[in-house]
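Residue-level listing of the chains:
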Amino acid sequence: MVTLTLLPYDNPTNLALRPTILKIPYAQTLFRLNQPGDRRFAYAATQNSPLIIEVDYAPNIVPEAKLQTWLESMVQETLKKPARVIIETTPQIPAQNDYTHQELYTHAKAAQNPQLKSPSYLQLVYVNRSQDTPTNSGVVLTSETMFLFQDAMYELSTQSHIRDRLVESTIKHEWGHLLGLEHIDQEDCIMSETVEVYENRRFQATNIPTDYCPPTISALNLLLHQAN
Ligand SMILES: [Zn+2]
């Protein structure tokens, strides 16, 4: 099987060819393109509306009450379209203290509800901690799933209103990666690396970015233009 995922993602050929190939759903399947960002045109296409978001979580995680609102406004803000959020009523991810990336990938795949799968399908998996990247509050490993790590939020703040902002910020950051955005060296931007990785840093509610900054908005507008 030919697969572009075997090449380094930032290989020049890959970078030049990928955007073209991504616009052809059949080619995307054929080449098994599943890197973060590989579904960006499908997500941004206006005909794929609403965006379907499935939330799966581990038994000791209680998703925040505002999670649905954050996800809906995140999609509206970036893609100008509605989202339909389905928070599973029972935990779909096996209980563990932490998870390797391979375990995250396997558990996420197994938890996906096949009835919800479509070109505009997004999965959020909420667990305690990443074993491979323990100081991350979030990570993306494939084109359609974002992972959120609750232990990191609790280590960063004991105050629930600050943790709420951390969750919202992390979700929007990981979503940015799934839409093809890279890190930006600007700490007040949602795509700053400090949003998902912390080094003994205590956040104040005032310096947790929750907005897409001008360079990311330009990139998102270009994506919407290219996809439609
Ligand atoms: Zn990142």
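Above this note sits the structure.
Please read all numbers here as calculations on a predicted model, not as lab measurements.

**Q** What am I meant to see in the packing of helix α4 (residues 67-79) against helix α7 (residues 160-178) here?
**A** To characterise two packed helices, one gives the angle between the axes of the helices and the distance between these axes. Where α4 contacts α7, the two axes come as close as 10 Å, and the packing angle between them is 40°. Relative to α7, the element α4 is oriented oblique. Note on packing geometry: the crossing formed by α4 with α7 is right-handed. The segment α4 lies against α7, with Leu 67, Trp 70, Leu 71, Met 74, Glu 77, Thr 78 and Leu 79 engaging Asp 164, Val 167, Glu 168, Ile 171, Lys 172 and Trp 175. Of the residues that constitute the contact of α4 with α7, the class distribution is eight nonpolar, one polar and four charged.

**Q** How should the side chain of Ser 130 be read in this particular structure?
**A** With respect to the helices, strands and loops of the structure, Ser 130 is situated in the loop between β3 (121-127) and β4 (138-140). On the basis of relative accessibility, which here comes to 0%, the residue Ser 130 falls in the buried class. Among the polar contacts made by the side chain of Ser 130, one reaches the side chain of Thr 133 at a distance of 2.8 Å. For Ser 130, the contacting residues outside a window of four places in its chain are Asp 98, Tyr 99, His 101 and Phe 149.

**Q** Explanation requested: the coordination of the zinc ion in the structure shown.
**A** Note on metal geometry: ideal angles are 109.5 degrees for four donors arranged tetrahedrally and 90 or 180 degrees for six donors arranged octahedrally. Looking at the metal site, the zinc ion is ligated by His 173 (NE2), His 177 (NE2), His 183 (NE2) and Glu 196 (OE), spaced 2.0 Å from it. In primary-sequence terms, the residues that donate to the zinc ion follow H-x3-H-x5-H-x12-E. Relative accessible area serves as the criterion here: at 35%, His 183 is assigned to the partly exposed category.

**Q** How do you make sense of the state of the cysteines when you look at a structure like this?
**A** Between two cysteines, a covalent bond joining their sulfur atoms is known as a disulfide. All chains considered together, the criterion is met by one disulfide. Between the sulfur atoms of Cys 189 and its disulfide partner Cys 213 the distance amounts to 2.1 Å. Residues Cys 189 and Cys 213 share a disulfide whose torsion about the S-S bond is about -65°; that sign makes it left-handed. A residue pair is termed long-range when its members are at least 10 positions apart, and Cys 189 in the loop between α7 and α8 (214-227) and Cys 213 in the loop between α7 and α8 qualify at 24 residues. Taken as a pair, Cys 189 and Cys 213 share a single burial class, namely buried.

**Q** Which parts of the structure should I look at to understand the sheet that holds strand β5 (residues 145-149)?
**A** Pairing between sheet strands relies on hydrogen bonds along the backbone, with the strands arranged either parallel or antiparallel. Taken in spatial order, the five strands make up an open sheet running β2-β1-β3-β5-β4, and their pairing is mixed. Both outer strands of the open sheet, β2 (83-87) and β4, are each paired with one neighbouring strand and no more. Strand-to-strand twist in this sheet, taken as the mean axis angle between neighbours without regard to direction, amounts to 20°. Pairing of β4 with β5, which is carried by three bridges, proceeds in the antiparallel orientation. The partner of Val 139 across the bridge, within β5, is Phe 147. Relative to the sheet, α4 contacts β1 (51-57), β2, β3 and β5, its axis offset from that of β2 by approximately 155°.

**Q** Please clarify how the packing of aromatic side chains should be interpreted in this entry.
**A** Given two aromatic rings, their pairing is described by the distance between the two centres and the angle made by the two planes. A complete count under the given rule lists one aromatic pair for this structure. Summarising the aromatic geometry, the rings of Tyr 43 and Trp 175 are spaced 5.1 Å apart at their centres and angled 55° between planes, so their arrangement reads as tilted. With Tyr 43 in helix α3 (residues 40-44) and Trp 175 in helix α7, this pair connects stretches of sequence that are 132 residues apart. When its relative accessible area of 0% is taken as the criterion, Tyr 43 is described as buried.

**Q** What's the story with the pairing of β3 in this structure? I'm lost.
**A** On a regular strand, one side chain projects to one face of the sheet and the next to the other, so that they alternate. A large share of β3 lies buried, amounting to seven of its seven residues. Burial of the side chains of β3 extends over both faces: Tyr 121, Gln 123, Val 125 and Val 127 are buried on one face and Leu 122, Leu 124 and Tyr 126 on the other. Of the pairings in the sheet, the one linking β1 to β3 comprises six bridges and is parallel in character. Directly across from Ile 52, in β3, lies its bridge partner Tyr 121.

Parameters at a glance
- Residues numbered from 1 in each chain as written.
- Predicted model: local features only at pLDDT ≥ 70, side-chain atom pairs only at ≥ 80, totals over all residues.
- Heavy atoms only, no water.
- Axes fitted to C-alpha atoms, helices over the stretch in contact; angles between N-to-C directions.
- Helix = DSSP H or I, 4+ residues; strand = E, 2+ residues; numbered from the N terminus.
- Parallel < 35°, antiparallel > 145°, perpendicular 65-115°, else oblique.
- Left-handed = near helix turned anticlockwise from the far one by under 90°.
- Contact = heavy atoms within 4.5 Å.
- Nonpolar A, V, L, I, M, F, W, Y, C, P; charged D, E, K, R; others polar.
- Buried < 20%, exposed > 50% of the residue type's maximum accessible area, 1.4 Å probe, protein only.
- Polar contact = N/O pair within 3.5 Å; in protein donor to acceptor, adjacent residues only side chain to side chain.
- Donors = N, O, S within 2.8 Å, 3.2 Å for Na, K, Ca; no water.
- Disulfide = S-S within 2.5 Å.
- Pairing = 2+ DSSP bridges.
- Phe/Tyr/Trp six-rings, centres within 6.5 Å; stacked < 30°, edge-to-face > 60°.

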